[in-house]
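Spelled out from the first residue to the last, the chains are:
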Amino acid sequence: MEDPTTLGINLTFFGTLGIGLLMFLGVFLAFVITLLIAGAGRLLAVVFTALFRGAAGASKGLRRTPESAPAAGTISEAAADAKPGRPLRTGRPARREPQLSADWAAAVERADARARDRAKAEAARTARAQRPDQETERKAS
């Protein structure tokens, strides 16, 4: 045997690596189990919702059939119950599209104009740089 200190250091190092690997595998396994439990719970929720929504909706009269749809030009019950001068409450608030401020739109327009000017200047520079080469080729021919 060489040196007992070297053997002890090697055993400590590889033991630490082994424990680290074992801990990594344990955490990975716990993560996989958590995902499986969450997926199974989601599946059960969807199944129960699909099964019991039909029974609950039919008993409460929530389902709409083509015959129960209001005819064109008729007023719904919610609209009939609403007080004049007050907006009709719906289930969801109206969705507004995001608006850009006038300053922002003007800044973008200025930046676009500068980019167009730079592109035109670069194209003109490139055309001027190629022009003398074409003239020398014509003279040589």
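Throughout what follows, the structure given in this document is the object of discussion. (Residues numbered from 1 in each chain as written. Predicted model: local features only at pLDDT ≥ 70, side-chain atom pairs only at ≥ 80, totals over all residues. Heavy atoms only, no water.)

1. A short note on the packing of aromatic side chains
Alright, step 1. Taken as a whole and assessed by the stated rule, the structure comprises three aromatic pairs.
Alright, step 2. Note on Phe13 and Phe14: the rings are 5.1 Å apart at their centroids and 70 degrees apart in plane angle, and the pair reads as edge-to-face.
Alright, step 3. For Phe13, a relative accessible area of 46% corresponds to the partly exposed category.
Alright, step 4. Using a relative accessible area of 54% as the deciding quantity, one classes Phe14 as exposed.
Alright, step 5. Plain terms: the ring middles of Phe24 and Phe28 are 6.4 Å apart, the flat faces sit at 20 degrees to each other, and that makes the pair stacked. In this pair, Phe24 and Phe28 are both assigned in helix α1 (residues 4-60), four residues apart and thus about one turn of the helix distant.
Alright, step 6. Taking relative accessible area as the criterion, Phe28 reaches 47% and is therefore assigned partly exposed. (Phe/Tyr/Trp six-rings, centres within 6.5 Å; stacked < 30°, edge-to-face > 60°. Buried < 20%, exposed > 50% of the residue type's maximum accessible area, 1.4 Å probe, protein only. Helix = DSSP H or I, 4+ residues; strand = E, 2+ residues; numbered from the N terminus.)

2. Comments concerning the pattern of salt bridges
Alright, step 1. This model, assessed by the stated rule, comprises two salt bridges.
Alright, step 2. A salt bridge links Glu109 to Arg116; the nearest nitrogen and oxygen atoms lie 3.5 Å apart.
Alright, step 3. Exposure remark for Arg116: the relative accessible area of 44% places this residue in the partly exposed category.
Alright, step 4. Close ionic contact of Arg125 with Glu122 constitutes a salt bridge, the shortest N to O distance being 2.8 Å. Here Glu122 and Arg125 lie together in helix α3 (residues 102-140), a separation of three residues that amounts to about one turn. (Salt bridge = Lys/Arg side-chain N within 4 Å of Asp/Glu carboxyl O.)

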